[in-house]
Amino acid sequence: MIRVAICDDDYGDLHYLQEIVAGYGARMELRLSVNTFGQPKDLENQLLQGSSYQIYILDMLMPQIDGIEIGQAIRRQDAHATIIYLTSTIDFAYQAFGVYAQRYLLKPLKEDELYEAMDFAVANAFQTQMALHVKTADGIQQIFYHDIEYVENASRALHIFAADGTETVSRLLRKSFEDDIGSLLKSDSFIQPHKSFIVNLAFISLYGTNQITMRSGTQIPISKSRKTEVKRAYLKYMCENY
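Remember, predicted model here, so these are calculated numbers, not experimental data.

Conventions used here
- Residues numbered from 1 in each chain as written.
- Predicted model: local features only at pLDDT ≥ 70, side-chain atom pairs only at ≥ 80, totals over all residues.
- Heavy atoms only, no water.
- Pairing = 2+ DSSP bridges.
- Helix = DSSP H or I, 4+ residues; strand = E, 2+ residues; numbered from the N terminus.
- Right-handed = clockwise from strand over helix to strand, strands pointing away.
- Axes fitted to C-alpha atoms, helices over the stretch in contact; angles between N-to-C directions.
- Core = buried A, V, L, I, M, F, W, Y, C linked by side-chain atoms within 4.5 Å.
- Buried < 20%, exposed > 50% of the residue type's maximum accessible area, 1.4 Å probe, protein only.
- Contact = heavy atoms within 4.5 Å.

J.: I'd love a proper account of the pairing of strand 2 (residues 32–37), names of residues and values included.
T.: Two strands pair when backbone bridges link them, and strand 1 (residues 2–7) and strand 2 are joined in this way by six bridges, in the parallel orientation. Along strand 2, the bridge assignment pairs Cys 7 with Phe 37. Handedness of the β-α-β unit built from strand 1, helix 1 (residues 11–28) and strand 2 comes out right-handed.

So this is what it looks like as structure tokens:
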């Protein structure tokens, strides 16, 4: 089940959006739970009470609380949910980047544009549910893909560094690095810039000619033989997500 929140103070637009999202779910044979909010304060109160959604479709211009403020409230709670903004003006597009909004769509909304945005949002929702199961000295640990900043192969073990600074060390590898971590490489969010490293593209803060700087400050080398592949993957990720 994927949870979707739609917030728009124009009840005509709100109903139209609800119909499009429901139609998308039926077309894609997805189980969607859709909650609608005609007042941004109602959504904000739910967020304060701990409710969360995987996809947010927000009108940008609303009374009392605008879409950016709602986006900030969402990001204080969840760094991974997809935010889709709807607006009649592009004036707030730059501010939307501040809350890592994935789409910024102009009204009057075209159905195919929202469908494209939903394709991305649903893929992201499934991605955030994926996890790596790692055999450690303490047992099998589950680490969600979206929490992993990078993985290093060192001393024949996986060293998995999370975005919160924690490190998980696996038991000694019995197979190759690629075999043990291959599931990550099937995800569009990860790339292998060097034989000993796999990085989460979402946590790259600076892309250089010969190395990548992660959000934690860690510098990851880029092998000469992988430069073209890594650069292409990084640019593709940036274009699709920002």
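J.: Tell me about the sheet that holds strand 12 (residues 197–200), and name the residues and values.
T.: Taken in spatial order, the five strands of this open sheet run 10-9-8-12-11, and their pairing is antiparallel. With partners counted over all chains shown, the strands left at the sheet margins are strand 10 (167–169) and strand 11 (190–194), one partner each. Direction aside, the axes of adjacent strands within the sheet are offset by 20° on average. Pairing analysis gives three bridges linking strand 9 (residues 157–162) to strand 10, with the strands arranged antiparallel.

J.: Which residues make up the nonpolar core, and what are the values?
T.: It is characteristic of soluble globular proteins that their nonpolar side chains tend to be buried jointly. Formed by 22 residues in total, the largest nonpolar core has its most connected members in Val 21, Ile 55, Ile 57, Ile 84, Leu 114 and Met 118. Elements with a contribution of two residues or more to this core: strand 1, helix 1, strand 3 (55–59), strand 4 (82–87) and helix 5 (111–128). In terms of nonpolar packing, the next biggest core, distinct from the first, is built from 20 residues, Ala 5, Cys 7, Leu 58 and Ala 101 among them.

J.: How would you explain the environment of Ser 196 if you had to name every residue and give the values?
T.: Considering the arrangement of structural elements, one finds Ser 196 in the loop between strand 11 and strand 12. Overall, the relative accessible area of 17% leaves Ser 196 in the buried class. Beyond its immediate sequence surroundings of up to four residues, Ser 196 is in contact with Val 151, Glu 152, Asn 153 and Phe 177.

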